[in-house]
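# Descriptive analysis of the structure
Each chain is listed here by its residues.
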Amino acid sequence: MAAGTTHSGKIHLLVHGPRKPIVEKGFSDQFVLHSFETTGDLERLTPEVAEKVRGIAITYNTVRGDARTLARFPKLEIVSSFGVGYDHVDAAYARDHNIMVTNTPDVLTEEVADIAMGLLIATLREFVKADKYLRAGLWHNGQYPLSAGSLRDRTVGMVGMGRIGQAIARRLEASKVPVVYHTRNPIKELPNKHYPDLTEMAKAVDTLVVIVPGGPGTAKMINAEVMKALGPRGVIINVARGTVVDEQAMIQALKSGTILAAGLDVFEREPNVPDELKAMQNVVLLPHIGSASVVTRNAMDQLVVDNLKTWFAGKPPLTPVMETPAKAR
Ligand code: A2R
């Protein structure tokens with residue numbers, strides 16, 4: 001049998017998640033696409049279709065590739081997931097059932113690093129409050145007050161120093177800001193100081209930029225103890241996953257002055273953001289837009305398609321996740 005064909009000659013793919021033109025138009029007529037936009041829609045999937053599906057494109061992390069979902073497809077070979085984070089896919093289950101999982105790293109690295117840097121400066125220098133001040137006509141009454149925060153007198157502790165973390169660190173270093181980092185494994189090639197213990201790093205710095213994967217291994221790792229260690233000048237920037245920060249502990253820390261401010265692109269229960277956060281003046285809140293430009297999202301969509309096409313051409317996928325390393329079919 002030729003690579004990429006079945007007895008019926010067509011490869012059936014489930015497209016799960018929001019509709020994406022690049023995905024819808026990306027496959028030749030050798031493929032048959034079955035689209036289910038929401039988790040609820042998937043309940044309409046018939047056993048006849050499930051039996052045929054060999055690949056899944058997850059087009060956004062609002063739908064899940066959990067074990068229960070993947071188990072519905074007896075011939076499933078590959079899950080091509082949109083985004084660099086894949087905590088919405090059960091990669092351990094996939095590995096144990098010989099299912100390849102891919103994500104979309106690299107093509108979004110610089111975009112997310114830009115957002116992290118912008119969010120940090122916007123938080124410290126109060127862009128949102130200053131914009132509101134101008135629009136309200138208050139400039140006529142006097143200058144906007146000096147910002148309590150500044151990037152000039154800070155040391156940043158990176159929580160995560162992978163592709164995106166290092167891209168953020170490059171921007172900070174270009175801005176003459178000292179950078180140290182916490183990861184599980186030190187990176188030999190980096191000159192920056194490594195802290196094996198997160199709380200120890202928090203004591204030594206005044207700013208945390210969080211860019212680790214989500215999932216159980218990092219859940220609530222930025223907790224009350226870490227915030228206390230960071231101290232009253234402390235600023236937290238989270239562009240990773242909402243689950244990484246203990247949101248309630250952070251709200252208390254912001255309210256009580258245990259830390260100074262936060263810039264957040266991600267939340268525990270998106271799109272729900274606690275009213276208490278929304279009412280605060282010392283936070284900048286973004287609706288998870290880290291990679292959300294047309295050019296970068298197009299590149300991510302294309303990589304979702306290309307991983308599937310490469311796999312069904314009999315080659316190793318372009319960007320497998322670490323749980324399911326590259327192999328050809
Ligand atoms: O711990 P290491 O040595 O594997 O370093 C990785 C670090 N990391 C952690 N650090 C501390 N405690 C943990 N439990 C932990 N788990 C992972 O996060 C590494 O430095 C970094 C992940 O880097 P990459 O795999 O290159 O991911 P990338 O492209 O930088 O994206 C990071 C995350 C995504 O997973 C999305 O959730 C988010 O950014 O957009």
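Residues numbered from 1 in each chain as written. Predicted model: local features only at pLDDT ≥ 70, side-chain atom pairs only at ≥ 80, totals over all residues. Heavy atoms only, no water.

## Some details on the sheet that holds strand β4 (residues 78–81)
- Taken together, the five strands give an open sheet; going across it, the order is β2-β1-β3-β4-β5, and neighbouring strands pair in parallel fashion. Each of the sheet's edge strands pairs with one partner strand only, and the pair in question is β2 (31–36) and β5 (100–102). Taking the axes of each pair of neighbouring strands and ignoring which way they run, one obtains an average angle of 20 degrees across the sheet.
- Looking at chain direction, strand β3 (residues 53–58) and β4 are connected through four bridges and run parallel. Residue pairing across strands places Ile-56 opposite Val-79, the latter belonging to β4.
- In the packing of helix α12 (residues 294–312) onto the sheet, contacts are made with β1 (11–16), β2, β3, β4 and β5, and the angle to β4 comes to roughly 160 degrees. (Pairing = 2+ DSSP bridges. Helix = DSSP H or I, 4+ residues; strand = E, 2+ residues; numbered from the N terminus. Axes fitted to C-alpha atoms, helices over the stretch in contact; angles between N-to-C directions. Contact = heavy atoms within 4.5 Å.)

## A look at the nonpolar core
- Counting residues in hydrophobic clusters, the biggest one holds 46 residues, and the most contacted among them are Leu-120, Met-158, Ile-168, Leu-172, Val-239 and Phe-312.
- Within the residue set of this core, elements represented by two or more residues are β1, α5 (109–125), β6 (156–159), α7 (163–174), β7 (179–182), β9 (235–238) and α12.
- Considering each element in turn, this core owes the most residues, eight residues, to α5.
- Here Leu-172 is in contact with Met-117, Leu-120, Val-156, Met-158, Val-177 and Val-179, once residues within four sequence places are set aside. (Core = buried A, V, L, I, M, F, W, Y, C linked by side-chain atoms within 4.5 Å. Buried < 20%, exposed > 50% of the residue type's maximum accessible area, 1.4 Å probe, protein only.)

## Looking at the packing of α5 against α7
- Their axes nearest at 8 Å, the elements α5 and α7 cross at an angle of 50 degrees. Between α5 and α7, the crossing angle belongs to the class labelled oblique. Here α5 and α7 pass one another in a crossing that is right-handed. Residues Thr-109, Glu-110, Val-112, Ala-113, Asp-114, Ala-116, Met-117 and Leu-120 of α5 lie in contact with α7, whose contacting residues are Arg-163, Ile-164, Ala-167, Ile-168, Arg-170, Arg-171 and Leu-172.
- Residue composition of the contact of α5 with α7, grouped by class: nine nonpolar, one polar and five charged. (Parallel < 35°, antiparallel > 145°, perpendicular 65-115°, else oblique. Left-handed = near helix turned anticlockwise from the far one by under 90°. Nonpolar A, V, L, I, M, F, W, Y, C, P; charged D, E, K, R; others polar.)

## Focus on the pattern of salt bridges
- This structure, assessed with the given rule, holds 21 salt bridges.
- Among the salt bridges present, the one from Lys-20 reaches Asp-301, with a minimum N-O distance of 2.9 Å. You can see Lys-20 sitting in the loop between β1 and α1 (21–24) and its partner Asp-301 sitting in helix α12, a full 281 residues away along the chain.
- With its nearest N and O atoms 2.7 Å apart, the salt bridge here joins Asp-114 to Arg-171. Of this pair, Asp-114 sits in helix α5 while Arg-171 sits in helix α7, and the two are 57 residues apart along the sequence. (Salt bridge = Lys/Arg side-chain N within 4 Å of Asp/Glu carboxyl O.)

## Considering the site of the ligand
- Within the structure, the ligand sits among 21 residues, and Met-161, Arg-163, Ile-164, Arg-184 and Asn-185 are positioned closest to it.
- In this structure, an oxygen atom belonging to the ligand sits 2.9 Å away from a main-chain N or O atom of Ile-164.
- One nitrogen or oxygen atom from the main chain of Gly-217 is found 3.5 Å from a nitrogen atom belonging to the ligand.
- For the ligand, whose free accessible area comes to 780 Å², the fraction covered by protein is 84%.
- Of the residues belonging to the shell around the ligand, the class tally is nine nonpolar, nine polar and three charged. (Near = heavy atom within 4 Å. Polar contact = N/O pair within 3.5 Å; in protein donor to acceptor, adjacent residues only side chain to side chain. Areas by Shrake-Rupley, 256 points an atom, 1.4 Å probe, with all protein chains shown as cover.)

## Some remarks on the sheet that holds strand β11 (residues 283–285)
- On the basis of which strands lie adjacent, the open sheet formed by six strands has the order β7-β6-β8-β9-β10-β11 and parallel pairing. Edge positions in the sheet fall to β7 and β11, since each of these pairs with one other strand and no more. In this sheet, adjacent strand axes meet at a mean angle of 15 degrees when their direction is disregarded.
- Pairing geometry for strand β8 (residues 207–210) and β9, over four bridges, is parallel. Note on β9: the bridge partner recorded for Thr-207 is Val-235.
- Across the sheet, α7 is in contact with β6, β7 and β8; its angle to β6 comes to roughly 170 degrees.

## Some thoughts on unusual backbone geometry
- Following Glu-270, the chain continues into Pro-271 via a peptide bond in cis, with omega recorded as 5 degrees.
- Examined against the element boundaries, Pro-271 turns out to sit in the loop between β10 (261–264) and α11 (275–278).
- Within the chain, Asp-106 stands out as a residue other than glycine whose phi angle is a positive 65 degrees.
- With respect to the element layout, Asp-106 can be found in the loop between β5 and α5.
- You can call Asp-106 partly exposed: its relative accessible area is 48%.
- Even without glycine at this site, His-288 takes up a positive phi of about 50 degrees.
- Relative to the helices and strands, His-288 is located in the loop between β11 and α12.
- Judged by its relative accessible area of 17%, His-288 is buried.

## Brief notes about the pairing of β10
- Alternating positions in β10 separate into two faces, Ala-261 and Gly-263 on one and Ala-262 and Leu-264 on the other, with burial throughout.
- Bridge count between β9 and β10: four bridges; the pairing is parallel. Opposite Ile-236, over in β10, you have Ala-262 as the bridge partner.
- In this region the chain leaves β9, passes through helix α10 (residues 247–256) and returns to the parallel neighbour β10; the handedness of that crossover is right-handed.
- With three bridges joining them, β10 and β11 adopt parallel strand pairing. Opposite Gly-263, over in β11, you have Val-284 as the bridge partner. (Right-handed = clockwise from strand over helix to strand, strands pointing away.)

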